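# Coordinate analysis (summary)
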Amino acid sequence: MRREPRPAEALTAWQHPFLNVFRHFRVDEWKRSAKQGDVAVVTDKTLKGAVYRIRGSVSAANYIQLPKSSTQSLGLTGRYLYVLFRPLPSKHFVIHLDVSSKDNQVIRVSFSNLFKEFKSTATWLQFPLVLEARTPQRDLVGLAPSGARWTCLQLDLQDVLLVYLNRCYGHLKSIRLCASLLVRNLYTSDLCFEPAISGAQWAKLPVTPMPREMAFPVPKGESWHDRYIHVRFPSESLKVPSKPIEKSCSPPEAVLLGPGPQPLPCPVASSKPVRFSVSPVVQTPSPTAQSGRAALAPRPFPEVSLSQERSDASNADGPGFHSLEPWAQLEASDIHTAAAGTHVLTHESAEVPVARTGSCEGFLPDPVLRLKGVIGFGGHGTRQALWTPDGAAVVYPCHAVIVVLLVDTGEQRFFLGHTDKVSALALDGSSSLLASAQARAPSVMRLWDFQTGRCLCLFRSPMHVVCSLSFSDSGALLCGVGKDHHGRTMVVAWGTGQVGLGGEVVVLAKAHTDFDVQAFRVTFFDETRMASCGQGSVRLWRLRGGVLRSCPVDLGEHHALQFTDLAFKQARDGCPEPSAAMLFVCSRSGHILEIDCQRMVVRHARRLLPTRTPGGPHPQKQTFSSGPGIAISSLSVSPAMCAVGSEDGFLRLWPLDFSSVLLEAEHEGPVSSVCVSPDGLRVLSATSSGHLGFLDTLSRVYHMLARSHTAPVLALAMEQRRGQLATVSQDRTVRIWDLATLQQLYDFTSSEDAPCAVTFHPTRPTFFCGFSSGAVRSFSLEAAEVLVEHTCHRGAVTGLTATPDGRLLFSSCSQGSLAQYSCADPQWHVLRVAADMVCPDAPASPSALAVSRDGRLLAFVGPSRCTVTVMGSASLDELLRVDIGTLDLASSRLDSAMAVCFGPAALGHLLVSTSSNRVVVLDAVSGRIIRESTVFQLPGVHPEPCPSLTLSEDARFLLIAAGRTIKVWDYATQASPGPQVYIGHSEPVQAVAFSPDQQQVLSAGDAVFLWDVLAPTESDQSFPGAPPACKTGPGAGPLEDAASRASELPRQQVPKPCQASPPRLGVCARPPEGGDGARDTRNSGAPRTTYLASCKAFTPARVSCSPHSAKGTCPPPASGGWLRLKAVVGYSGNGRANMVWRPDTGFFAYTCGRLVVVEDLHSGAQQHWSGHSAEISTLALSHSAQVLASASGRSSTTAHCQIRVWDVSGGLCQHLIFPHSTTVLALAFSPDDRLLVTLGDHDGRTLALWGTATYDLVSSTRLPEPVHGVAFNPWDAGELTCVGQGTVTFWLLQQRGADISLQVRREPVPEAVGAGELTSLCYGAPPLLYCGTSSGQVCVWDTRAGRCFLSWEADDGGIGLLLFSGSRLVSGSSTGRLRLWAVGAVSELRCKGSGARSSSVFMEHELVLDGAVVSASFDDSVDMGVVGTTAGTLWFVSWAEGTSTRLISGHRSKVNEVVFSPGESHCATCSEDGSVRVWALASMELVIQFQVLNQSCLCLAWSPPCCGRPEQQRLAAGYGDGSLRIFSVSRTAMELKMHPHPVALTTVAFSTDGQTVLSGDKDGLVAVSHPCTGTTFRVLSDHQGAPISTICVTCKECEDLGVEGTDLWLAASGDQRVSVWASDWLRNHCELVDWLSFPMPATTETQGHLPPSLAAFCPWDGALLMYVGPGVYKEVIIYNLCQKQVVEKIPLPFFAMSLSLSPGTHLLAVGFAECMLRLVDCAMGTAQDFAGHDNAVHLCRFTPSARLLFTAARNEILVWEVPGL
């Protein structure tokens, strides 16, 4: 039966099976194609036919182009392009392809032997395609050899876009073949042809032979490969999915070089008959080469042992080999190392064996860095800064990066892609298009979609250098001014109206002018008119008929002025007429001319002179008198005023008649640019000293936006406690920055002595700086002054570093001396100075000196460039000297060391970078070479030195400064595929460093870049002595810590799902000690799509924690720590099937956030299985009840979900699987427990099968539609079924040996069932299958016949759960109804087919629960079971008794407070669900619940003991409507309701005698009320305007306060103010004791909200008060009420969200938004962190006895035991 083509297929059917491009477009007629230069038809002797010869000395001037015009498109959709060509001997050639993606993005793909390296931008890929007869000593890149042969270049255009740009291929738009080459023809096809296979061979091989029309002639008896070359690119080893992979941690601003699985792509071709060739480097065998040589390439970090020779690699012709670096086709390798005492001499030749294909996965996540912030402004100049049309943001360049800065929040976003400094910017009037040009000639320009940050178009300007750009208001016209290659001024107009619609930029007109142009603007009233000014010239331009013409303005006596800027005045009424606009022009002599654009004459001329009136500070308007005027560099005009920036450093605002100065602001340097915001209320100004800010005309306040070094940054250092960064620069300044806000804090300038190196003291607010004079000075950050200076060096300081404990400091200088200092006290002093230790004349480098992380060792390069010395840091005794000098074959020079770096102390590694771009890893004790890497180098190109390198604390990532790029290596994997390379710097990077928390990276060069590390760091990482090699095959893999794998992102290359022979993914054996015993099996899911499901699946709770959630914290320890998790209160009601119960064994488990809770239903004892990095979505228990599988969703730090397989008996995680890139919706074990099926959610739509013996992936299938449930047939382990949108899919498992294939049978849902989706399923008696729908129907299927024969309406809401046993069926719906059905007669109805009626099915019982049913487990007779609902409740259901009993009950919404009874027998909680719950503290069973409907309970307090009468224990609860309710605990009733506040209450507290209630609200009022009468007798408004966050009451024990009263209480408000009061309410006395105000930086937010201001009295010292809040630093402030001063500060890693002080010990508990809890021992000064929460820890409370600690994260409550109490 013939399938009819779909419409899209019919449109392209004429291109199948292949298309002869030259014939179709009739190239010989040159009507639909174009030729330029020397293009002729000649006869080729080899092919015995006519070919086209394209030759000429300039490739760009000699070419064939299809189609003829760039506005046309070929529209060729074939996946493969075949180019049949031969390069001309000793010539260059270029092939350009313009390819359009499905989203209409045009990408140019170029191949040439002109290119020296692979280059990639968003719209251009350049691949070096080199054909050369070469030896190992010759340069790869160059001319075609004399014996170049005819070549079949086969390009997979679909994979090229997917691998390197992650885009979907649309069609081939145009082709340009440039000199010098012969071309026979071009073909496109969707088939992959094999050019060397004949018809006879085709019959035996599963390949498609080349059609006769396309084939090269082969004489009889000769081999095709002996005469021709076949280039296939990308290689077959790079298998990619059919759609782009959405990478969740790859934002638009992350620019990554070396995309795809290959680190640096370079196409390689093979002239041998093999089909695995990787890329186009074509090599003619050298006469001296051996025939059996191996294709070899440098492997990153190969393991090297001492005194060992490595034999030749096996032959490259064998399958499974490819070169990781395609140009490195080298000879066999021998590596020799010899030891002589402690001096180790190493030598390595240039060749090492290649890695096998697929031997290691790509290094993940990809990308690992994302640009977060930039410190810098300008680069090429400081005149380019402009407002967005809405006035909310400022756009400016920072060297090669374009920054958009939101002025109110300080948030930055970036446009990345330029490779040199940006010289010009322009933004259209609707914020749609942004144009930019870079400085390096020939100038490259880009057009960006301003809203998305996507580059729409990249093109070369006709100008050599672009100096200025200007958009028309509509964005349809772009004008640019610059210089051509002769230095003449040139003006170009481009049409940009079609760019946003997928079109191209069109040059409308070009004009040369002999007049100087300093500024150029397109008028707002007519897009065809422009204006320019320059030296002695003001001209008006017009674009008409494709020609730019200009005419001068009659300047009269001002014709000799040097004009610098111009601006148009807009009329107040917005009149667009030309007569309504005036042109203002300024000059360096201080003149401002007002020009009538209509009459082209000067209407007014004014001159500004730097004179001051005796009584006024402002300059006044003057006439044209003699004397020097104010040199004006820029001006901007609004309808009401003119802003003028001048070289005297002033920004002045004038009325348009220039009668007097309205405002002025003085800057630290000459003002280079001014710009008035569109609303006229803000004036942006930039200075030549690198300052950018704006003047608010209403408040008359100047706001600094950015500061910058004016020269390259040489070094940087970070301070951990205050989050500060220090930088030194060639501009002779040392600057201190706040890393949180990127704002400058301090600036130290030295006019004579240039700073060279900098480092912070680890514990004190001090930093050290080394100078060019040899001086080393210490600076105080608190006093901002020099403390001590030492001048023991004679040359410039080259290195500076301190030990981690801050006891010792080391410095080195250019004369070779090394100095040691004692820093034990602030007056630090010199201990030793040793001469001729460090390599002399070495440049200053952040990595010149290195101290081991335990502070015991010191390493440096010296005493010569070829040696590295290791010393004891305390004694300076030489322990080791390593000679790393080897002969660099590329330059014939001796290799030398450049920088040193220690790894983590557990590894004992010392890393050395060399001048030949190698990184050598040494054993820091023995000097043995552990491994070695070549850090990417092009043959024939001298490598740039690496001045800085560093290794992360967990030894996972190696960071290297390499030229203008940053390279990140996977240090843990020896056979790493290469680094990830990041661009953005326009000058060489001088320093790289990880932040102290390892969550960010800083790079410094032209500017300072702050990068987020997207991979989670591991605090419990184990460091094996040597990282194991990566292997392939089942049961072998990289040995790495399971916790590290738990959060990794998917690899970029994913296996394609298949039915037979599924991909075998590597698994690793049991990890070394220190791991959790998990195994890692990964399989990337299919590409994501968007689907809106009509039924609820798994909805993760809203996580309010920051992107660094759960990083660097450990799961709650079972024992031995400061805390032990005792109990969890709550159940995750937003999961699905996330509870299991086995009545026969008593095993009962459910999920709460990230924890699996295993509870004994008899004793209530709990076990807590932790390890998931996100909320758990579902559970599955094996039929043997020995194995439990749990799946979590994706977190902010992971792109894969996680499945953990637990041993039920031991509670240990046995395996760790990463099956899907989206949330796992369902898990199920086969009846024989041999298989586990996992189902991805509606985005992933992936079904995966895993063998439970080793948990290898057996099969993975992409589903065509969303699926809501999956189940194995309990009667047949070879059958499983999925239900989803309109279909039931039956899967039959067929096993052939070790392989399992799936056969699919899909059956549509009958119309009688309804239009709803199938949402649940369960198997009944054979062969029945029950399915529930979203409309409340239950339908019954005959699985043998594949038909639905019965359905009935089971509920009003969607059926989310079905369970069958015996003859009974349980259904649970979204309405909360749980129903029991008798379905024993259904089997008999199967024979009636579609005539069956549902009257035989009847409902036995019904229960209504408190939420939608999401999980259930029943016994075999379905008499009793456990049911979970979305309300967070687990019910015990007994059908016999018709009852439902709460087993587990948590709050539905956020828990706002936890309080405790005086005797500590009970606790109470309140929540936003309006409930107040009282719990028995020993068992955590719910005792009492008070519920207020339609209100949120926001605060709670338990009354103190009142005269020993427990019957008077009361609870005071505050609600969102401003009411305060008093509940009696003993009588379980509400006693009183009062309204002391008009708005929501935020906190409440009882006085110490329980007779008074203090309450605070969100408006800042504190009310004092009687709980017995309900009267409010006092209201305090001191905090009005900011919400009250805390009220804390204690007995007044300190008599030194000098006030009367029985109670001492405090109130803290959101504006960082704390008031302390003494009161005696019986006497109506209240007196203010102290008032504290804490500073707050401009922006300190946690997920858009300020952290709370919290304060509490210290229980162990009544004179102390502790405070946390959004201050300048992340810290706990301890304030002494008697001394009236801050006595101590405790640093914190994040801003605190909750605070609690232990009454019994000196313990302090702090909760963070990063899902972490920290316990601080204030007496010992130590701290410990705890994880386990799934959300921000917004509440923590110690019990009065301090034996327990309660913490809350949203609606889950964790109860911790404090051991030892």
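Residues numbered from 1 in each chain as written. Predicted model: local features only at pLDDT ≥ 70, side-chain atom pairs only at ≥ 80, totals over all residues. Heavy atoms only, no water.

### Quick word on the overall build of the protein chain
For the record, the criterion: Secondary structure is summarised from DSSP: a helix means a run of H or I of at least four residues, a strand means a run of E of at least two, and numbering begins at the N terminus for each. Exposure is judged per residue with a 1.4 Å probe applied to protein chains only, and the accessible area is read against the type maximum: over 50% gives exposed, under 20% gives buried, and values in between give partly exposed. Contacts are assigned to residue pairs that have any heavy atoms within 4.5 Å of one another. Note on areas: Shrake-Rupley, 1.4 Å probe, and residue coverage restricted to the protein chains presented here.
Along the protein chain, the regular secondary structure elements total seven helices and 137 strands. When burial is assessed residue by residue, the protein chain has 61% of its 1765 residues classed as buried. Put simply, of all contacts in the protein chain between residues at least 6 apart along the chain, 52% involve residues at least 24 apart. Accessible area of the protein chain: about 65500 Å², with a carbon and sulfur share of 50%.

### Overview of the sheet that holds strand E129 (residues 1675-1680)
Filter applied, for reference: By definition, two strands form a pair when at least two bridges between them are found by DSSP. The axes used here are C-alpha line fits, helices contributing only the stretch in contact, and every angle between their N-to-C directions lies in the interval 0 to 180 degrees.
Strands sit in the order E127-E128-E129-E130 across an open sheet of four strands; the sheet is antiparallel. The sheet terminates laterally at strand E127 (1654-1657) and strand E130 (1685-1691), the two strands that pair on one side only. Direction aside, neighbouring strands of the sheet carry axes that sit 20° apart on average. Two elements, E129 and E130, share six bridges in a ladder whose sense is antiparallel. When the sheet's bridge partners are listed, asparagine 1680 is paired in E130 with glutamine 1685.

### Points about the environment of threonine 973
Looking at the secondary structure, you find threonine 973 in the loop between strand E76 (965-970) and strand E77 (980-982). For threonine 973, a relative accessible area of 15% corresponds to the buried category. Spatially, the C-alpha atoms of threonine 973 and phenylalanine 957 are 9.8 Å apart, while their sequence positions differ by 16 residues.

### Quick notes on the packing of aromatic side chains
Defined as follows: Any pair of Phe, Tyr and Trp rings, taking the six-membered ring for Trp, is counted once the centres come within 6.5 Å. Such a pair is stacked with planes under 30 degrees apart, edge-to-face with planes over 60 apart, and tilted for the rest. Placement of a positive charge over a ring is assigned whenever Lys NZ or Arg CZ falls within 6 Å of the ring centre and within 35 degrees of the normal to the ring plane.
Scanning the model with the defined rule gives 52 aromatic pairs in all. Summarising the aromatic geometry, the rings of phenylalanine 415 and phenylalanine 450 are spaced 5.8 Å apart at their centres and angled 20° between planes, so their arrangement reads as stacked. Of the two residues, phenylalanine 415 sits in strand E26 (residues 412-415) while phenylalanine 450 sits in the loop between strand E29 (444-449) and strand E30 (455-460), which places them 35 residues apart along the sequence. Each member of the pair phenylalanine 415 and phenylalanine 450 is classed as buried. Ring pairing ties together the aromatic residues Phe18, Tyr80, Tyr82, Tyr187 and Phe193, which thus form one cluster. Here the basic side chain of arginine 413 rests over the ring of phenylalanine 450, its NZ or CZ set 4.8 Å away from the ring centre. Of note, arginine 777 hangs over the ring of phenylalanine 771, and the distance from its end group to the ring centre comes to 4.3 Å.

### Considerations on the pairing of strand E45 (residues 641-646)
The buried count for E45 comes to six of six residues, which makes it a mostly enclosed element. What you see with E45 is no split at all: Met641, Ala643 and Gly645 on one side and Cys642, Val644 and Ser646 on the other are buried throughout. Of the strand pairs in this sheet, strand E44 (residues 632-637) and E45 are connected by five bridges, and their pairing is antiparallel. In the sheet register, isoleucine 632 faces E45, and the bridge partner there is serine 646. Here five bridges tie E45 to strand E46 (residues 650-655), and the two strands are oriented antiparallel to one another. When the sheet's bridge partners are listed, cysteine 642 is paired in E46 with tryptophan 654. What sits between E45 and E46 in their antiparallel hairpin is a turn of three residues, with glycine 649 showing a positive phi close to 90°.

### Section: the side chain of threonine 1287
Cut-off, in case you're wondering: Polar contacts, as used here, are pairs of N or O atoms within 3.5 Å; protein pairs need one atom able to donate a hydrogen and one able to accept it. Residues neighboring in sequence count only if both atoms are side-chain atoms.
One can find threonine 1287 in strand E97 (residues 1287-1296). One polar contact links threonine 1287 to glutamate 1265, side chain to side chain, over a distance of 3.5 Å.

### Details of the nonpolar core
Just so we agree on the cut-off: By nonpolar core we mean a set of buried residues, namely Ala, Val, Leu, Ile, Met, Phe, Trp, Tyr and Cys, connected to one another through side-chain atoms within 4.5 Å.
With 46 residues, the main nonpolar core has Leu97, Val109, Phe127 and Leu172 as its most contacted residues. In terms of residue count, helix H3 (residues 157-165) provides more of this core than any other element does, six residues in total. Excluding residues within four positions of it along the chain, leucine 172 makes contact with Ser73, Leu74, Gly75, Leu76, Leu81, Leu97, Asp98, Val99, Leu157 and Thr188. In this structure, Leu369, Cys675, Leu692 and Trp1011 belong to the second largest nonpolar core, which totals 38 residues.

### Structural notes on H3
Most of H3 is tucked away: eight of the nine residues are buried. Among the residues of H3, those classed as buried are Leu157, Asp159, Val160, Leu161, Leu162, Val163, Tyr164 and Leu165. With a side-chain oxygen positioned 3.3 Å from the backbone nitrogen of glutamine 158, the residue opening H3 is aspartate 156. One or two residues past the end of H3 sits asparagine 166, with phi positive at roughly 55°.

### Section: the pairing of strand E38 (residues 547-552)
Pairing geometry for strand E37 (residues 537-544) and E38, over six bridges, is antiparallel. Considered in E38, the bridge of leucine 540 is made with cysteine 551. Hairpin connection, E37 to E38: the antiparallel pair is bridged by two residues, and glycine 545 has positive phi, about 60°.

### Some words on the pattern of salt bridges
As a reminder, the rule being used: Every case where a carboxyl oxygen of Asp or Glu lies within 4 Å of a side-chain nitrogen of Lys or Arg is listed as a salt bridge.
Going through the model one piece at a time under the given rule, you end up with 45 salt bridges. Residue arginine 777 pairs with aspartate 753 through a salt bridge whose shortest N-O separation is 3.4 Å. With arginine 777 in strand E58 (residues 776-780) and aspartate 753 in the loop between strand E55 (743-749) and strand E56 (755-760), the pair connects residues that are 24 residues apart, well separated along the chain. In terms of burial, arginine 777 and aspartate 753 fall into one category: buried. With its nearest N and O atoms 3.7 Å apart, the salt bridge here joins glutamate 1604 to arginine 1627.

### As for unusual backbone geometry
In the segment running from alanine 179 into serine 180, the intervening peptide bond is cis, with an omega of 10°. Counting through the fold element by element, serine 180 comes out in the loop between strand E13 (169-178) and strand E14 (181-189). Look at the link from proline 1326 to proline 1327: it is a cis peptide, with omega at 0°. In this structure, proline 1327 sits in the loop between strand E99 (1318-1323) and strand E100 (1328-1333). Positioned with a positive phi, alanine 1137 is a non-glycine residue whose angle comes to about 55°.

### Topic: the environment of leucine 172
Within the secondary structure, leucine 172 sits in strand E13. With relative accessibility at 1%, the residue leucine 172 sits in the buried group. Separated by 93 residues in the primary sequence, leucine 172 and arginine 79 place their C-alpha atoms 9.0 Å from one another.

### Details of the sheet that holds strand E86 (residues 1166-1169)
With respect to topology, four strands assemble into an open sheet ordered E83-E84-E85-E86, the strand pairing being antiparallel. At either end of the open sheet lies a strand with only one pairing partner, and these are strand E83 (1139-1142) and E86. Averaged over all adjacent pairs, the angle separating strand axes in this sheet is 20°, with direction ignored. Where strand E84 (residues 1147-1152) and strand E85 (residues 1155-1159) come together, four bridges link them in antiparallel fashion. Paired with cysteine 1152 across the strands is leucine 1155, a residue of E85.

### Describing the confidence of the model for the protein chain
As a reminder, the rule being used: Residue-level confidence of the predictor is what pLDDT reports, using numbers from 0 through 100.
Of the residues in the protein chain, 80% have a pLDDT of 70 or more, and the chain-wide mean is 79. Within the protein chain, strand E119 (residues 1545-1550) carries the highest mean pLDDT (96), whereas strand E20 (residues 335-340) carries the lowest (29). When the criterion is pLDDT under 50, residues 133-140 qualifies, and its contacts beyond four places in sequence or with other chains add up to 22 contacts. Every residue in residues 613-626 scores below 50 in pLDDT, and together they form 36 contacts with partners more than four places removed in sequence or on other chains.

### Structural notes on the environment of threonine 71
You can see threonine 71 is positioned in the loop between strand E5 (63-66) and strand E6 (80-87). Each C-alpha atom, one on threonine 71 and one on lysine 173, is 9.7 Å from the other, the two residues being 102 residues apart in sequence. Within the local environment of threonine 71, its side chain forms a polar contact with the side chain of serine 69, the two groups lying 2.8 Å apart.

### Focus on the side chain of serine 780
Mapped onto the elements of the fold, serine 780 is located in strand E58. Separated by 3.3 Å, the side chain of serine 780 and the backbone nitrogen of glutamate 782 make a polar contact. Once residues within four sequence positions are removed from consideration, serine 780 is found in contact with Pro765, Glu785 and Leu787.

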